[in-house]
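# Coordinate analysis (summary)
What follows is the residue order along each chain.
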Amino acid sequence: MEDIVKIAILMRRRAFAPYSNYRVGAAVKTKTGEIIGGCNIESSSYGLTCCAERVAIYNAISKGFNQFNSIAVSTKNAGYPCGACRQVIWELCEDIIIYICNSKTLVKELKSSDLLPNPFNKSFLK
Ligand code: THU
């Protein structure tokens, strides 16, 4: 199994999800090979919750990395990234590999462009 998949699976243990009980782990791999994790962190005001994918990406960016080649997401039932995370993955990571995993293993591999066709991006702001 790829290290990024193993780390996403392990990161589920760090999830703070007392409201949904839906634990999510994620990991991003930089172009230079570092793997940085994240987990979902919920709020009692619900809307402030941050998904595991965004926590992983923001964690990596805050550590000084900004070029990525893949992201892995682990849930109990191989769930897909939400719409907000699809937009953030596209904007901050570009067209990378996305590993969809359950709590034990890789289930599906796809790309950002499979999940977000015709994306909004900075070119529309010119
Ligand atoms: N969640 C993620 O962490 N990633 C997603 O892409 C979908 C949803 C989290 C948010 C919330 O803590 C829980 O899963 C249930 O929606």
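Report on the accompanying structure.

Parameters and conventions
Residues numbered from 1 in each chain as written. Predicted model: local features only at pLDDT ≥ 70, side-chain atom pairs only at ≥ 80, totals over all residues. Heavy atoms only, no water. Helix = DSSP H or I, 4+ residues; strand = E, 2+ residues; numbered from the N terminus. Rg over C-alpha atoms; globule rule 2.2 N^0.38 Å. Buried < 20%, exposed > 50% of the residue type's maximum accessible area, 1.4 Å probe, protein only. Pairing = 2+ DSSP bridges. Contact = heavy atoms within 4.5 Å. Near = heavy atom within 4 Å. Polar contact = N/O pair within 3.5 Å; in protein donor to acceptor, adjacent residues only side chain to side chain. Areas by Shrake-Rupley, 256 points an atom, 1.4 Å probe, with all protein chains shown as cover. Nonpolar A, V, L, I, M, F, W, Y, C, P; charged D, E, K, R; others polar. Salt bridge = Lys/Arg side-chain N within 4 Å of Asp/Glu carboxyl O. Core = buried A, V, L, I, M, F, W, Y, C linked by side-chain atoms within 4.5 Å. Patch = residues over 30% accessible without salt bridge, like charges linked within 9 Å, V, L, I, M, F, W, Y side chains within 5 Å.

This next bit is on the overall build of the chain. When you go through the chain residue by residue, the secondary structure sums to 4 helices and 5 strands. Along its sequence from the N terminus, the chain presents helices and strands in the succession α-β-β-α-β-α-β-β-α. Taken against the 2.2 N^0.38 rule, which gives 14 Å for 126 residues, the C-alpha radius of gyration of the chain at 14 Å falls within 12% of a compact globule. Projected onto its principal axes, the C-alpha coordinates of the chain cover approximately 40 × 35 × 25 Å. A buried classification covers 43% of the 126 residues belonging to the chain.

In terms of burial, strand β2 (residues 35-39) is a largely internal element, 4 of the 5 residues being buried. Both strand β1 (residues 25-30) and β2 contribute to a ladder of 5 bridges, which runs antiparallel. Bridged to Ala26 within β2 is Gly38. In sequence, β1 turns back onto β2 through a hairpin of 4 residues, with Gly33 there showing a positive phi of about 100 degrees.

The next subject is the environment of Ala60. Mapped onto the fold, Ala60 is located in helix α2 (residues 52-62). Distance in space between the C-alpha atoms of Ala60 and Ala27 is 9.2 Å, their sequence separation being 33 residues. Those residues in contact with Ala60, other than ones at most four positions away along the chain, are Val28, Ile36, Phe65 and Phe68.

Right, let's talk about the site of the ligand for a bit. Looking at the ligand, the residues that line it are Ser20, Tyr22, Val24, Asn40, Glu42, Thr49, Cys51, Ala52, Glu53, Tyr80, Pro81 and Cys82. Separating an oxygen atom of the ligand from a side-chain N or O atom of Glu53 is a distance of 2.7 Å. At a separation of 2.8 Å, an oxygen atom of the ligand approaches a polar backbone atom of Cys82. Compared with its free state, where it exposes 370 Å², the ligand has 78% of that area covered by protein. Residues that form the shell around the ligand fall into these classes: 7 nonpolar, 3 polar and 2 charged.

Under the counting rule described, the total for this entry stands at 2 salt bridges. Between Asp3 and Lys6 there is a salt bridge; the shortest N-O distance is 3.9 Å. You can see Asp3 and its partner Lys6 sitting in helix α1 (residues 3-11), 3 residues apart, about one turn around the helix. Here Asp95 makes a salt bridge to Lys111, at a shortest N to O gap of 3.9 Å.

This part is about the nonpolar core. Grouped together as the largest cluster of nonpolar side chains are 15 residues, with contacts concentrated most on Val28, Ile57, Ile71, Ile89, Cys93 and Ile98. For this core, the elements supplying multiple residues, two or more each, are α2, β3 (68-74), α3 (83-93) and β4 (97-101). Those residues in contact with Cys93 that sit more than four places away from it in its chain are Ile57, Phe68 and Val88. Ranked by size, the runner-up nonpolar core spans 8 residues in total, among them Ile4, Ile9, Ala27 and Tyr99.

Taken together, Phe16, Tyr19, Ile41 and Tyr46 make up a surface patch of nonpolar side chains, about 440 Å² in accessible area. The residue Ile41 is located in the loop between β2 and α2 in this model.

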